[in-house]
Amino acid sequence: EDQVTQSPEALRLQEGESSSLNCSYTVSGLRGLFWYRQDPGKGPEFLFTLYSAGEEKEKERLKATLTKKESFLHITAPKPEDSATYLCAVQAGYGSNYQLIWGAGTKLIIKP
Amino acid sequence: DTGVSQDPRHKITKRGQNVTFRCDPISEHNRLYWYRQTLGQGPEFLTYFQNEAQLEKSRLLSDRFSAERPKGSFSTLEIQRTEQGDSAMYLCASSAGQGGSNQPQHFGDGTRLSIL
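Residues numbered from 1 in each chain as written. Chains lettered and ligands numbered in written order. Predicted model: local features only at pLDDT ≥ 70, side-chain atom pairs only at ≥ 80, totals over all residues. Heavy atoms only, no water.

**Notes on the overall build of chain A**
So, step 1. For chain A, the count of helices and strands is zero helices and 11 strands.
So, step 2. Secondary structure elements of chain A, listed N to C terminal, follow the sequence β-β-β-β-β-β-β-β-β-β-β.
So, step 3. Expected size for 112 residues packed as a compact globule is a radius of gyration near 13 Å; at 14 Å, chain A falls within 12% of this value.
So, step 4. Structurally, chain A occupies a C-alpha span of about 45 × 30 × 20 Å along its principal axes. (Helix = DSSP H or I, 4+ residues; strand = E, 2+ residues; numbered from the N terminus. Rg over C-alpha atoms; globule rule 2.2 N^0.38 Å.)

**Things to note about the state of the cysteines**
So, step 1. Going through the model one piece at a time under the given rule, you end up with two disulfides over all chains.
So, step 2. For A:Cys23, the disulfide goes to A:Cys88, at an S-S distance of 1.9 Å. Measuring handedness by torsion sign, the sulfur bridge of A:Cys23 and A:Cys88 sits at about -60° and is left-handed. Here A:Cys23 is found in strand E3 (residues 19-26), whereas its partner A:Cys88 is found in strand E9 (residues 84-92), with 65 residues between them in sequence.
So, step 3. Its relative accessible area of 0% is what places A:Cys88 among the buried residues.
So, step 4. Residue B:Cys23 pairs covalently with B:Cys92 via a disulfide, S to S 1.9 Å. Because the sign of the S-S torsion sets the handedness, a value of about -70° for the bond joining B:Cys23 and B:Cys92 places this disulfide among the left-handed ones. Of this pair, B:Cys23 sits in strand E3 (residues 19-24) while B:Cys92 is found in strand E9 (residues 88-95), placing the two residues 69 residues apart along the sequence. (Disulfide = S-S within 2.5 Å. Buried < 20%, exposed > 50% of the residue type's maximum accessible area, 1.4 Å probe, protein only.)

Here's what the structure looks like:
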């Protein structure tokens, strides 16, 4: 069964304290792995797509990496405005179904 | 920037009533998705349209749920005879793409449904 697991469930950091969020997946062929940010009461906001092992993407203080079993979202010198829930999703590589299979997210809190 | 728009943002209704939500996707996007999200969980897939054709429905979607996308533009999601367990955030997303391409999905801010 296709599955996505994110860890930790919650992470509290001081402003400027770098860390990483993990997304482990099992899927029948990977079309893509997606990272989203979600603020309370809002829909998920797209951050990155990764397509193959070894690929990396960066945006401001965020960097996403991908292996054959997991992805990491590295946050460098975070600021309070980086506080949000970070969601990981995979798109399986079969049929005409483009649905995303989601993890439960990591709630990130950055304290000033 | 015209992103995905959902209406209403909030809906409170009594158990047993019918509700309908609307989603206006990004205009050039041919794919449209509905998801449901409960507190502390990631979104859960409900159904998917490519243009006006509904190509996939979740096995979890009961026959009280129906979705349409007439003319391949906006979409509606109707829930009949609502139950307490239907309380959730209903999210709509859209993406561009042809064939096997996997462009990212862009989400609206959802409709929060509360069943009294």
